[in-house]
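This is what each chain is made of:
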Amino acid sequence: MTHYSQEMAEYRGETYFAGEEDGTHVWLRKIPGETYEHAEGFQTYGNRELRTVPAKDLDAWYQETCKATWRGQPFNIVKTENGKAEAGYAGGEYVWARQNGLEGDQYNGFTATLSTGELEDVQVDRTDFLQRWKEKNPG
């Protein structure tokens, strides 16, 4: 199972949140609570530490999307940590959502913190952005 369902990059052997800056650079953002050996070059914006690096210098750049079912209903898993999954309800049965203790409403969506041991039919799809970038930018 993936730890985060969002765009990530690996740079100098360390993992960061990421996003495309322009056609040749990627921004990296330190993950809160993580310790980094290579901390130079980051600038602080509020409570976020960011840096831009050339895409060609990345070890990996990808997004893993995780989907699962809980009690027979579909969920998008946003983050997993310590046996818990932050999840967004992907179904449309609002009465079921309320009956099963999900937070939110039918207009803004429902979320829940679920035990990873209770998830079924877990599917992780990986999109490799670095490979796509290399195909468009050979050499």
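Higher on the page you've got the structure.
Residues numbered from 1 in each chain as written. Predicted model: local features only at pLDDT ≥ 70, side-chain atom pairs only at ≥ 80, totals over all residues. Heavy atoms only, no water.

**A word on the overall build of the protein chain**
As a reminder, the rule being used: In this description a helix means any DSSP run of H or I spanning at least four residues, a strand means any run of E spanning at least two, and both kinds are numbered starting from the N terminus. Burial classes follow relative accessibility: with a 1.4 Å probe on protein chains only, a residue under 20% of its type's maximum area counts as buried, one over 50% as exposed, and anything between as partly exposed. The contact rule is simple, with two residues in contact once any of their heavy atoms fall within 4.5 Å. Exposure was quantified through the Shrake-Rupley algorithm and a 1.4 Å probe, taking into account, for residues, occlusion by the shown protein chains and nothing else. Working convention for charge: Lys and Arg count positive, Asp and Glu count negative, and His plus the chain ends are omitted. Every charge is mapped onto a representative atom, which is NZ of Lys, CZ of Arg, CG of Asp or CD of Glu.
Of regular secondary structure, the protein chain possesses two helices and eleven strands. The secondary structure elements of the protein chain, listed N-terminal to C-terminal, are β-β-β-β-β-β-β-β-α-β-β-β-α. Taking the principal axes of the C-alpha coordinates as reference, the protein chain spans close to 55 × 35 × 30 Å. Here the protein chain, with 139 residues, has 35% of them falling under the buried criterion. Once local pairs closer than 6 in sequence are excluded, the contacts in the protein chain between residues at least 24 apart make up 56%. By element, 41% of the accessible surface of the protein chain is carried by carbon and sulfur atoms, the whole surface being about 8600 Å². Within the protein chain, one finds 15 positive and 24 negative side-chain charges whose respective centroids are separated by 2 Å.

**Overview of the nonpolar core**
This is how it is decided: In this text, buried Ala, Val, Leu, Ile, Met, Phe, Trp, Tyr and Cys residues form a nonpolar core when linked through side-chain atoms within 4.5 Å.
In terms of nonpolar packing, the biggest core is built from 21 residues, with Val26, Leu28, Leu58 and Trp61 touching the most fellow members. Put simply, the parts of the chain that give this core at least two residues each are strand S1 (7–11), strand S2 (14–20), strand S3 (25–29), strand S6 (60–70) and helix H2 (129–136). Leu28 has contacts with Ala9, Tyr11, Tyr16, Phe17, Ala18, Phe42, Glu49, Leu50, Arg51, Val53 and Leu58, leaving out every residue within four places of it along the chain. In terms of nonpolar packing, the next biggest core, distinct from the first, is built from 15 residues, Cys66, Ala68, Ala97 and Leu114 among them.

**Focus on the pairing of S1**
This is how it is decided: Strands pair, by our definition, only if DSSP identifies at least two bridges between them.
Two strands pair when backbone bridges link them, and S1 and S6 are joined in this way by four bridges, in the antiparallel orientation. Bridge pairing links Ala9 to Trp61 in S6. When S1 meets S2, the two strands line up antiparallel, connected through four bridges. What sits directly across from Glu10, in S2, is Thr15.

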